[in-house]
Every structure is written in structure tokens, then in C-alpha cells.
Amino acid sequence: MGLLEGKNALVFGLANDKSIAWGITQAFHREGANIGISYAGEMLERRVKPLAEQVGCKWLEECDVTKDDQIAAVAEKAAKHFGKIDVLVHSIAFAGRDELSRPYYQTSREGFKNALDISVFSFVALTNAFLPHLNSGASVMCLTYGSGATKVAPHYNVMGVAKAALESSTRYLAYDLGPQKIRVNAISAGPIRTLAAAGVGGFRDMYKHFADLSPLRENVTIEDVGNTAVFLASDLSARITGEVLYIDSGFNIMGVQMPNKEEKGEGQ
Ligand code: NAP
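Residues numbered from 1 in each chain as written. Predicted model: local features only at pLDDT ≥ 70, side-chain atom pairs only at ≥ 80, totals over all residues. Heavy atoms only, no water.

1. Considerations on the overall build of the protein chain
Along its length, the protein chain carries nine helices and seven strands. Taken against the 2.2 N^0.38 rule, which gives 18 Å for 268 residues, the C-alpha radius of gyration of the protein chain at 18 Å falls within 12% of a compact globule. C-alpha extents for the protein chain along the principal axes are approximately 65 × 45 × 40 Å. Burial statistics for the protein chain: of 268 residues in total, 51% are counted as buried. Here the analysis covers contacts within the protein chain between residues at least 6 apart in sequence; of these, 75% occur between residues at least 24 apart. For the protein chain, the exposed area adds up to about 13200 Å²; of that, 53% sits on carbon and sulfur atoms. The distance from the centre of the 27 positive side-chain charges to the centre of the 30 negative ones in the protein chain is 1 Å. (Helix = DSSP H or I, 4+ residues; strand = E, 2+ residues; numbered from the N terminus. Rg over C-alpha atoms; globule rule 2.2 N^0.38 Å. Buried < 20%, exposed > 50% of the residue type's maximum accessible area, 1.4 Å probe, protein only. Contact = heavy atoms within 4.5 Å. Areas by Shrake-Rupley, 256 points an atom, 1.4 Å probe, with all protein chains shown as cover. Lys, Arg positive; Asp, Glu negative; His and termini not counted. Charge placed at Lys NZ, Arg CZ, Asp CG, Glu CD.)

2. A word on helix α3 (residues 68-82)
If you check α3, its first and last C-alpha atoms are 21 Å apart, about what 15 residues at 1.5 Å a residue would give, namely 21 Å. Buried residues of α3: Ile71, Val74, Ala75, Ala78, Ala79 and Phe82, and no others. For α3, the angular spread of buried residues about the axis comes to 135 degrees, placing them on one side. Along α3, the residues that are exposed and aim more than 90 degrees away from the buried face are Asp69, Glu76 and Lys80. Residues of α3 that are buried make contact with β1 (8-12), β2 (34-39), β3 (59-62), β4 (85-90) and α4 (109-130). In the segment just after α3, Gly83 is the residue with positive phi, at about 80 degrees. (Expected span 1.5 Å × (residues − 1). Arc of directions from axis to C-beta.)

3. Things to note about the packing of helix α1 (residues 20-30) against helix α9 (residues 222-233)
When two helices pack together, you describe them by how their axes are tilted relative to each other and by the distance separating the axes. Close contact between α1 and α9 brings their axes to 7 Å; oriented N to C, the two are set at 55 degrees. For the element pair α1 / α9, the angle class is oblique. Crossing geometry of α1 relative to α9 is assigned as right-handed. Contacts between α1 and α9 involve Ile20, Trp22, Gly23, Ile24, Gln26, Ala27, Phe28 and Arg30 from the former and Ile222, Glu223, Val225, Gly226, Asn227, Ala229, Val230 and Ala233 from the latter. Partitioning the contact of α1 with α9 into residue classes produces 10 nonpolar, four polar and two charged. (Axes fitted to C-alpha atoms, helices over the stretch in contact; angles between N-to-C directions. Parallel < 35°, antiparallel > 145°, perpendicular 65-115°, else oblique. Left-handed = near helix turned anticlockwise from the far one by under 90°. Nonpolar A, V, L, I, M, F, W, Y, C, P; charged D, E, K, R; others polar.)

4. A short note on the packing of aromatic side chains
Taken as a whole and judged by the stated rule, the model has five aromatic pairs. Ring centres 5.8 Å apart and planes at 75 degrees place the aromatic pair Phe12 and Phe130 in the edge-to-face group. One end of the pair, Phe12, is in strand β1; the other, Phe130, is in helix α4, and 118 residues separate them in sequence. The exposure classification of Phe12 matches that of Phe130, with both residues buried. Ring centres of Phe203 and Tyr207 lie 6.1 Å apart, and the angle between their planes is 35 degrees; on these two criteria the pair is classed as tilted. Here Tyr207 and Phe203 lie together in helix α8 (residues 203-213), a separation of four residues that amounts to about one turn. (Phe/Tyr/Trp six-rings, centres within 6.5 Å; stacked < 30°, edge-to-face > 60°.)

Here you go:
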């Protein structure tokens, strides 16, 4: 029997088969969850529909999270289809390309607002809209990059600031929803090649060096993140809330980061 047998799980933020949301969706399906998928806009439907079919998903809804009416409508539709919801995943972020390549002090007011609205406020708004439909014992989660939120990741800029706010929101939501036995956590994934990541200046180099610099000497996959999401969605993590869980081959524990020269025969 799967770890999520009988649970209704909604995943927001599926764009294509490279998306972290797809790794999570596949892992949830493998563990027996009934899946619902939400995507950003009409443009994505063509790519997302065949993926939904692969996991037997019968609830596929568009939702632009900058629109309050769309958030309210999607929550109502989900409640109608599933009844109560056990798992809610927010795998959504956006920042303009300019904001992720020029220095942070040049962030525009509009760019700041957009990034924080889509990448942070939407997590709060979705949680609020779904709250009446969440089961006691439900698990809510979001995706962050902790090394860019708590430290400086060059070029991550306003997205690092947004992730800091997202992680803080995770803790405040966990406090608010604790009495209802609803858990709220964040998964901090190491760099993965996705559409969103492609917008971050210097991402390619960051991705390449990540494996050299992290204790496990390996990059992270969407499957790794999917398995962690299963843990957080399942009753195995019943007393874990308000946490940021790093899935990053140990990258975040490192202080001064030096390439592992000895392993490449360049040492001594
Ligand atoms: P992705 O496949 O591009 O997913 C990002 C999703 O956010 C897309 O489906 C995107 O839709 C959606 N989105 C953007 N604006 C939206 C809006 N207004 N309404 C609804 N959805 C909207 O990239 P990903 O890397 O899997 O990102 C998923 C999450 O993981 C993000 O929170 C990201 O910051 C986080 N994360 C990523 C990495 C990494 O290295 N890839 C590492 C750590 C954390 P559109 O394509 O239509 O914009």
C-alpha cells in the first residue's frame, strides 16, 4: 500500500515535465494519492494535459495566482470535485529576467511587487482559500531555495528576498494552522534545470559547480524532491511543521566553498 493511499493531493505550478511540480506529482501518484493539478494559464494547457493523463488526474484547472477571483474559483471547484483536501503543494515563483541579472539595488518597484506577489503572497492566499476544505491532519508545502534566502546566491536577488519571505510565511502559517492540526512546511531544493531556473543569471555555472561543492557531490533531481514531498505529505512527518527541509546534497552546511581539487588530481 502506498504512503498516500486515499489522500487527495493538489499540486500548483506544473509547467512541463521538467517542473519540480512534475517530480512531486509523479511521486504522489506512485504512492496512491488522488491527484489534482493546477497550471498558470491557457498557454500551458497543451503541455500539461498529457502529463495529467499519465497520472490519471481528472481535475486539471487553470489558475493565475495574481487573481483573487481565480484563486477563489479554483478552491470551490476542488472542494466540489474532491470534498476534503489532504495535501496542497505550492510550486510557483516568478521574477522578471532583468531583476535576476542586474545588481539587486537596481530592482524596480514593479519587479519587486510582482516577484513577492506571485512567489509569496500566492502561498498565503491559496492557503487561506483552501483552509475551509482542508482535512484535519492536512499537509501544506511550498518550494524554496534556502541558500538564496538566508545567504547570498549571486543573481538570485529579489527571488532570494521573496524566498526569505516565503520561509517566514511558512512559519507564520504553521503557527496559525497548528491548532487545526494542519502542517505547513517548505522544501528547499538544490538547483534543478527548469523553466523558472533558466531565468536566473549564471544558473548554468551555479548548477555545474553545485555538485563539486556539496558534500554528496551530486546534483538534485525532481525525483529527489518528489520523494521528500511524499514524506511531508504523509503521516510519517505528522509532528513536523514550520520547517524548511533542505534537499541539496548538503550544500547549505558548507561555509567557505572551495572546489574539491584533490578529487580532480589538482591538489598538493
Ligand atoms: P517551473 O517548472 O518553471 O515552475 C514554476 C511555475 O510557476 C510554472 O508553472 C509557472 O507557470 C508558475 N507561475 C508563474 N507565475 C504564475 C502565476 N501568476 N500563476 C500561477 N502560476 C504561476 O520551475 P520550477 O523550478 O519547477 O519552480 C517551482 C518552484 O520551485 C518555484 O517556487 C521555484 O522557485 C522553486 N525552486 C526551484 C529550484 C530550481 O533550481 N529549479 C530550486 C529551488 C526552488 P508559467 O510557466 O506559466 O510562468
